[in-house]
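For reference, the chains in residue letters:
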Amino acid sequence: MRVLLTGAAGFIGTHIGRLAVERGHQVIALDAYLRQAHGEHAAPVPGVHRLDLRHDSLDDVLSGVDVVCHQAAMVGNGVDAQDLPDYADHNDHGQARLLAAMARVGVRHLVLASSMVVYGDGRYTCPEHGDVPPAARRVDALDAGLFDPRCPHCGGEITWRLIGEDTPFLPRTSYAASKVAQEHYASAWCTLEHGRAIALRYHNVYGPGMPADTPYAGVAAIFRSAIAREESPRVFEDGGQMRDFVHVHDVALANVLAIEKVGQHDEGLTPYNIASGQPCTLLTMAETLAGASGGAPPVVTGEYRRFDVRHVVASPAAATAGLGFTAQIAPVEGLAALASDPLRSAPRPRQP
Ligand code: UD1
């Protein structure tokens, strides 16, 4: 298949491009080389054309394309509200221009990088009230070291449960809001154009080539960078936060399967959670990584960030049924390997 891959010089895009070529696809690779991800004066990666979805003409590069695999985005939590226009501009305006160009050229298949962050706080079970969203986290409780959320109805203890794709959106950050909007724009495009789209909602992605510690990096990159500096990973809250760490090779596999199967899906947007299926606490993750590095063990600091969610764990069952995707790399192996995997060097962080 002829595949247009955006964000092809990025962490995940690099792995998708390599695997897609290995599986016999022809890849047209594009990247805007964003300063936030690549630094101020990034040298272009061989074979990856510089193109900014917000400004540049897209019709020519879409000619003859069967599927667009759209990974280009501004990622991470960001620094503060001053990042909002950039998230909207890159992620939403950029994608809207891409979809309009696909409509002009007649490309009707899309694979979209989405994220678990669309679900926000996740879902829980209350012994009395059943399936509930958690009550908003309270500063006084967090200050007292009480990190687990409570039932919104009775205030009692609740337990996290696996999230399916039908869980309501509850974006809590600028990035999350932009990913929800990207899914909505893709749905609208499907309706208008009889398009087929697959949105892959990634869990916490890690692996070789991940960006080093920046305000836009996730916790795996932050911990890996601490290890490179021979420092302890600093685990916030009490380390009991549940996540699912999924290897970038598995994320690339899910994308290539989606590229190959989107044409067999129904019209409209189909979302799939992409996870390892083997969740763990953040402390276990930090211990696995630090243990494999032979360096200092993690420290649990008790600090917290207001925008963080406590537990969020996705079920990958639908991706197995719909794409034939099952993660190949267990976190216990992949996270140990991350201790010596190379990182991409960091651009200078923006200060608030
Ligand atoms: C992360 C990604 C998000 C992705 C999602 C998929 C970032 C910034 N976030 O969200 O883009 O879509 O996974 O599930 O890339 N923490 C520490 N020490 C630190 C930094 C963070 O303990 O130095 C803790 C946080 O308090 C939080 C957990 O690690 O509890 C995860 O943080 P982070 O990776 O930033 O965010 P996620 O919500 O998992």
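Placed above this text is the structure.
Residues numbered from 1 in each chain as written. Predicted model: local features only at pLDDT ≥ 70, side-chain atom pairs only at ≥ 80, totals over all residues. Heavy atoms only, no water.

(A) Main features of the overall build of the chain. On a plain count of helices and strands, the chain comes out with 11 helices and 16 strands. Taken against the 2.2 N^0.38 rule, which gives 20 Å for 352 residues, the C-alpha radius of gyration of the chain at 20 Å falls within 12% of a compact globule. Overall, the chain is about 60 × 45 × 40 Å in size when its C-alpha atoms are taken along their principal axes. Among the 352 residues that make up the chain, the fraction classed as buried is 51%. (Helix = DSSP H or I, 4+ residues; strand = E, 2+ residues; numbered from the N terminus. Rg over C-alpha atoms; globule rule 2.2 N^0.38 Å. Buried < 20%, exposed > 50% of the residue type's maximum accessible area, 1.4 Å probe, protein only.)

(B) Inspection of unusual backbone geometry at higher detail. Even without being a glycine, Tyr 33 presents a positive backbone phi close to 50 degrees. Relative to the elements of secondary structure, Tyr 33 occurs in the loop between strand 2 (26–31) and helix 2 (35–38). When its relative accessible area of 6% is taken as the criterion, Tyr 33 is described as buried. Look at His 194: it is not a glycine, yet its phi comes out positive at around 55 degrees. Within the element layout of this structure, His 194 appears in the loop between helix 6 (174–193) and strand 9 (196–202).

(C) Quick look at the nonpolar core. By size, the foremost hydrophobic cluster in this structure holds 55 residues, and its most contacted members are Leu 200, Ile 274 and Phe 325. Counting residues per element, this core draws most heavily on helix 8 (residues 248–261), at 9 residues. Discounting chain neighbours no more than four positions away, the residues touching Phe 325 are Asp 250, Leu 253, Ala 254, Leu 257, Ile 274, Ala 275, Ala 319 and Thr 320. If you look at the next biggest cluster of nonpolar residues, it comprises 21 residues, including Ile 28, Leu 30, Leu 58 and Leu 110. (Core = buried A, V, L, I, M, F, W, Y, C linked by side-chain atoms within 4.5 Å. Contact = heavy atoms within 4.5 Å.)

(D) Looking closely at the sheet that holds strand 2. Taken together, the 7 strands give an open sheet; going across it, the order is 3-2-1-4-5-9-14, and neighbouring strands pair in parallel fashion. Where the open sheet ends on each side, the last strands, each with one partner, are strand 3 (48–50) and strand 14 (268–274). For this sheet, the mean angle separating the axes of adjacent strands, direction not counted, is 20 degrees. Relative to strand 2, strand 1 (residues 2–6) runs parallel, the two sharing 4 bridges. In the strand pairing of strand 2, Leu 5 is matched with Ala 29. (Pairing = 2+ DSSP bridges. Axes fitted to C-alpha atoms, helices over the stretch in contact; angles between N-to-C directions.)

(E) Representation of the pairing of strand 4 (residues 67–70). The alternating pattern of strand 4 places Val 67 and Cys 69 and Val 68 and His 70 on opposite faces, both of which are buried. Crossover connection from strand 4 via helix 4 (residues 84–105) to parallel strand 5 (residues 109–115): handedness right-handed. (Right-handed = clockwise from strand over helix to strand, strands pointing away.)

(F) Quick look at the side chain of Ser 115. Note on placement: Ser 115 falls in strand 5. Relative accessible area serves as the criterion here: at 8%, Ser 115 is assigned to the buried category. For Ser 115, the contacting residues outside a window of four places in its chain are Tyr 175, Lys 179, Leu 200, Arg 201 and Tyr 202.

(G) Quick look at the packing of helix 7 (residues 219–228) against helix 9 (residues 282–293). Look at helix 7 against helix 9: their axes get within 10 Å of each other, and the N-to-C directions meet at 30 degrees. By crossing handedness, the relation of helix 7 to helix 9 is classed as right-handed. Residues Val 219, Ala 220, Phe 223, Arg 224 and Ile 227 of helix 7 form the contact with helix 9, whose participating residues are Leu 282, Met 285, Ala 286, Leu 289, Ala 290 and Ser 293. By residue class, the composition of the contact of helix 7 with helix 9 is 9 nonpolar, 1 polar and 1 charged. (Left-handed = near helix turned anticlockwise from the far one by under 90°. Nonpolar A, V, L, I, M, F, W, Y, C, P; charged D, E, K, R; others polar.)

(H) Structural context of the site of the ligand. Around the ligand, the surrounding shell holds 22 residues, and the nearest of these are Ser 115, Asn 204, Phe 236, Arg 243 and Asp 308. Within the contact set of the ligand, an oxygen atom lies 3.1 Å away from a side-chain nitrogen or oxygen of Gln 241. One of the side-chain nitrogen or oxygen atoms of Arg 305 is found 2.8 Å away from an oxygen atom of the ligand. For the ligand, whose free accessible area comes to 730 Å², the fraction covered by protein is 92%. Counting residues per element, the ones that place at least two in the shell around the ligand are helix 7 and strand 11 (234–235). When residues of the shell around the ligand are assigned to their parent elements, the largest contribution, 3 residues, is made by helix 7. Class assignment for the residues of the shell around the ligand results in 11 nonpolar, 7 polar and 4 charged. (Near = heavy atom within 4 Å. Polar contact = N/O pair within 3.5 Å; in protein donor to acceptor, adjacent residues only side chain to side chain. Areas by Shrake-Rupley, 256 points an atom, 1.4 Å probe, with all protein chains shown as cover.)

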